[in-house]
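# What the coordinates show
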Amino acid sequence: MAEHLVLKLLVYLFNCILFLCGLALVVGGSMVQIQWKDFLNSVDSKIFIAPILLIVAGVIMICIAIFGCFGTRKSLPWTLIVFAILLAIVFLLEIAGSIAAYFERSTVKGFIEQRMTNSFAAIKAGNSTGQLDKALWDRLQDQLHCCGVRNYNDWLSNNLKIPDSCCRDKSRPNCAELSADTKRVCDRPDNVDICPIFTKGCLDTAEDYAKDNIGTVGGIGFGIAAFQVLGVVLAACLARKIREDSEL
């Protein structure tokens, strides 16, 4: 009886944590969707759907957690088995999604580069799409401390003025206007810190940021996966214990 009670409490605790994880995914996905809505709307559906998938995954985890609590409270073995199967399915889908994302990373990067490059034509045309793209560029360059796709020359090669969002010190008047001498300084790799504008492109900056955080993301993902496997084991053990107790 004591073993039964301990298992029940552990499954309850597991479901509480699973519920909170699901809620975190919903909140995180919603924040990304709201903060980067304009950017996500302007890119391919493969990228646009990413935060939506986070929200959906969170909702599924919340539903599974509620179902798991129901099965634990009612002490019905079949509900716990279904709960364990659902967890196992989610675990396998996460593994499949991670593998797919790994092999599609170069495709996504190539598309983003193409989309960023094509945006210069719309900005040059000065239409509504160009105004939206310009606002997105300003936001991206300001937050990531970068300029252009590969570097600031992307603006100049498209006969566009380097925007002030590329400046290190935006309070300085005409901070993005480069003289010939200043441009020569900025083009030298050892002078990047004294250049008045950011010299690194946004594509490489974003990629470096992703690489710097891949270990953290991978660790969290591994932890969640291991946690789900623990849930499957706990649910199976509790279902077996309930059956054994009912046969006594």
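Residues numbered from 1 in each chain as written. Predicted model: local features only at pLDDT ≥ 70, side-chain atom pairs only at ≥ 80, totals over all residues. Heavy atoms only, no water.

## As for the overall build of the chain
- For the chain, the count of helices and strands is nine helices and zero strands.
- In sequence order, the secondary structure elements of the chain are arranged as α-α-α-α-α-α-α-α-α.
- Each of the 248 residues in the chain was classed as buried or not, and the buried ones make up 32%.
- Long-range pairs, those at least 24 residues apart, make up 71% of the contacts in the chain with a sequence separation of at least 6.
- For the chain, the exposed area adds up to about 14,400 Å²; of that, 67% sits on carbon and sulfur atoms. (Helix = DSSP H or I, 4+ residues; strand = E, 2+ residues; numbered from the N terminus. Buried < 20%, exposed > 50% of the residue type's maximum accessible area, 1.4 Å probe, protein only. Contact = heavy atoms within 4.5 Å. Areas by Shrake-Rupley, 256 points an atom, 1.4 Å probe, with all protein chains shown as cover.)

## Describing the environment of lysine 109
- With respect to the element layout, lysine 109 can be found in helix H5 (residues 77–125).
- Given a relative accessible area of 27%, lysine 109 falls into the partly exposed group.
- Remark: the alpha-carbon pair of lysine 109 and leucine 203, spanning 94 residues in sequence, is separated by 8.2 Å.
- In contact with lysine 109, other than residues within four places in its own chain, are Leu203 and Glu207.

## Focus: the nonpolar core
- Grouped together as the largest cluster of nonpolar side chains are 23 residues, with contacts concentrated most on Met116, Trp137, Cys147, Trp155, Ile162 and Ile197.
- Put simply, the parts of the chain that give this core at least two residues each are H5, helix H6 (128–144) and helix H9 (202–247).
- The dominant element in this core, judged by the number of residues it contributes, is H5, at four residues.
- Those residues in contact with isoleucine 162 that sit more than four places away from it in its chain are Cys147, Tyr152, Trp155, Leu156, Ala176, Leu178 and Ile197.
- In this structure, Leu18, Met61, Ala65 and Leu80 belong to the second largest nonpolar core, which totals 18 residues. (Core = buried A, V, L, I, M, F, W, Y, C linked by side-chain atoms within 4.5 Å.)

## A look at the pattern of salt bridges
- Under the counting rule described, the total for this entry stands at eight salt bridges.
- The partner of glutamate 113 in a salt bridge is arginine 150, with the nearest N and O atoms 3.2 Å apart. Note that glutamate 113 is positioned in helix H5 and arginine 150 in the loop between H6 and helix H7 (153–157), a separation of 37 residues in sequence.
- We classify glutamate 113 as partly exposed; its relative accessible area is 24%. (Salt bridge = Lys/Arg side-chain N within 4 Å of Asp/Glu carboxyl O.)

## With respect to a nonpolar patch on the surface
- Together, Phe19, Leu20, Leu23, Val27, Met31 and Ile66 make up a nonpolar patch on the protein surface, roughly 550 Å² of accessible area in all.
- Ranked by the residues each element gives to the nonpolar patch, the list is headed by helix H1 (residues 2–35), at five residues.
- If you trace the backbone, methionine 31 turns up in helix H1. (Patch = residues over 30% accessible without salt bridge, like charges linked within 9 Å, V, L, I, M, F, W, Y side chains within 5 Å.)

## Brief notes about the packing of aromatic side chains
- Enumeration according to the criterion identifies five aromatic pairs in this entry.
- An angle of 25 degrees between the planes, with centres 4.4 Å apart, marks the rings of phenylalanine 14 and phenylalanine 227 as stacked. With phenylalanine 14 in helix H1 and phenylalanine 227 in helix H9, this residue pair connects regions lying 213 residues apart in the sequence. Across the pair, phenylalanine 227 and phenylalanine 14 agree in class, each one buried.
- Seen from their ring centres, phenylalanine 120 and tryptophan 137 are 5.4 Å apart, and the 15 degrees between their planes marks the pair as stacked. Taken together, the residues span a long stretch of sequence, with phenylalanine 120 in helix H5 and tryptophan 137 in helix H6 at a distance of 17 residues. Exposure class is identical for phenylalanine 120 and tryptophan 137. Each is buried.
- Members of the aromatic cluster, joined through ring pairs, are Phe14, Phe83 and Phe227. (Phe/Tyr/Trp six-rings, centres within 6.5 Å; stacked < 30°, edge-to-face > 60°.)

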